[in-house]
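Residue strings, one per chain:
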Amino acid sequence: MKQYGVSEEQANNEFHYQIENAWKDINEECLKPIAIPMLLLNRVLNLSQVLDVVSKERDGYTHR
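On a predicted model such as this, the values are computed, not experimentally measured, just so you know.

Caption draft 1: Fine view of the side chain of Ser-48. Of note, Ser-48 is situated in helix α2 (residues 38–54). Here the side chain of Ser-48 touches Leu-45 through a polar contact of 2.8 Å, landing on its backbone oxygen. When sequence neighbours within four positions are dropped, the list of residues in contact with Ser-48 reads Trp-23 and Ile-26.

The following block contains the structure:
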C-alpha cells in the first residue's frame, strides 16, 4: 500500500470491488457455459465458495 500511496481502506475497497466482479464473471459463465465444460466450472465455483467463506473479514469457518 505504501508503494502505491493508497490507504488500507482504499486497498480493501479495491479488493472487494475485484472480488465482486469475479463473482459476476463466475456466475455468468455458469449460466451460459460455452467455452468451458460445466464439470470444470462446478469445481471452480466450489473452490471459490470455500475461499470466500474462509477469507472474509471475520473467519467464517471458525467464527473468530
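Now that the structure has been shown, the text picks up again.
Caption draft 2: Quick peek at the pattern of salt bridges. Taken as a whole, this structure holds two salt bridges when the rule is applied. When the shortest N-O distance is used, the salt bridge between Glu-20 and Lys-24 registers 3.7 Å. Here Glu-20 pairs with Lys-24, and both are found in helix α1 (residues 8–31), just four residues apart, close to one helical turn. Residue classification places Glu-20 among the partly exposed positions, given a relative accessible area of 45%. Among the salt bridges present, the one from Glu-28 reaches Lys-32, with a minimum N-O distance of 3.9 Å. Among the residues examined, Glu-28 registers a relative accessible area of 42% and is labelled partly exposed.

Calculation notes
Residues numbered from 1 in each chain as written. Predicted model: local features only at pLDDT ≥ 70, side-chain atom pairs only at ≥ 80, totals over all residues. Heavy atoms only, no water. Helix = DSSP H or I, 4+ residues; strand = E, 2+ residues; numbered from the N terminus. Polar contact = N/O pair within 3.5 Å; in protein donor to acceptor, adjacent residues only side chain to side chain. Contact = heavy atoms within 4.5 Å. Salt bridge = Lys/Arg side-chain N within 4 Å of Asp/Glu carboxyl O. Buried < 20%, exposed > 50% of the residue type's maximum accessible area, 1.4 Å probe, protein only.

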